[in-house]
Amino acid sequence: MVRAGRSVAPTRAVPEQALGQLAVGVEPSGLVLGRDSAGRAVLVRLFGPDTMSVVFAGGWWATRLLVFRCLAHGATLTVRAYDPADPARPDALADAAHWLALDGLTGGAARVTLAPPAGDPHPATAPHPLLEVHDLGPTAPAGHPPLGPWQTRLTVLRHLTPAAVPLLAAADVLIVQRLSAPEATLLGSALGMRGDLASRLPAMDDEMVAAFGAGSVRYTWLTPTPIERQLFG
């Protein structure tokens, strides 16, 4: 009887220089902003180990949707907004009372609070980042301590005006809903981008946004979930 021999693979050593070329592809991480025209999820990085500046220009519906998704991401919100007793401010989206009402989305866990007038920012970590919302118009907040790791300042704007140009140019991430033609031209000038912005941004659907970052733009449908539809319409 002839027994089958056991094959043994030859020993192979991988050259050290080849090890540095090995990589495993992974999906990018971030907040799910929506879906592109092909139905693929569009992720946007709003939090990181370095302080980030984010600007959102749009309406209250989309703003609440974005904030809700940040809360679902594990974020805590501190808000700088006008007191309800102040006269109406045309450049603000909502007053402090409307912002604080969003804490009901967390079951009253006190994860949406007013930002302290001074002192150290709220502590933040990768699992529980901080989103400091600035709803006082395009003027950058002054007299407040700088933010730290995993802390992001979100400035919300109802409209884009020339006063917002420095803020737009300095933002790490910029997200806009449909703009008027003059606003689109202003944005393209602030970002040093021309192309078809002036024609595409005014033609976006009500539930679309354009996300700018790292010199590129991604057009995204927000695609609210059933629970988001129930909460925000």
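Remember, predicted model here, so these are calculated numbers, not experimental data.

What counts and how
Residues numbered from 1 in each chain as written. Predicted model: local features only at pLDDT ≥ 70, side-chain atom pairs only at ≥ 80, totals over all residues. Heavy atoms only, no water. Salt bridge = Lys/Arg side-chain N within 4 Å of Asp/Glu carboxyl O. Helix = DSSP H or I, 4+ residues; strand = E, 2+ residues; numbered from the N terminus. Buried < 20%, exposed > 50% of the residue type's maximum accessible area, 1.4 Å probe, protein only. Phe/Tyr/Trp six-rings, centres within 6.5 Å; stacked < 30°, edge-to-face > 60°. Lys NZ or Arg CZ within 6 Å of the ring centre and 35° of its normal.

Colleague: Please explain the pattern of salt bridges as it appears in this structure.
Modeller: Here the idea is simple: oppositely charged side chains can pair when their charged atoms come close. Applying the stated rule across the entire model yields six salt bridges. Here Arg 229 ties to Glu 207 by a salt bridge, and the two come within 2.7 Å at their closest N and O atoms. Of the two residues, Arg 229 sits in helix H7 (residues 226–232) while Glu 207 sits in the loop between helix H6 (197–200) and strand E9 (208–213), which places them 22 residues apart along the sequence. On the basis of relative accessibility, which here comes to 35%, the residue Arg 229 falls in the partly exposed class. A single salt-bridge network, built from bridges that share partners, covers Arg 80, Glu 132 and Arg 153.

Colleague: Before we go on, may I ask you to explain the packing of aromatic side chains in this structure?
Modeller: Evaluation of the coordinates by the stated rule reveals two aromatic pairs. Judged by centre distance (4.9 Å) and plane angle (85°), the ring pair of Trp 60 and Trp 99 falls under edge-to-face. Note that Trp 60 is positioned in helix H2 (residues 60–72) and Trp 99 in helix H3 (residues 96–100), a separation of 39 residues in sequence. When its relative accessible area of 0% is taken as the criterion, Trp 99 is described as buried. Looking at Arg 200, its charged tip hangs above the ring of Tyr 219, at a distance of 4.1 Å from the centre.

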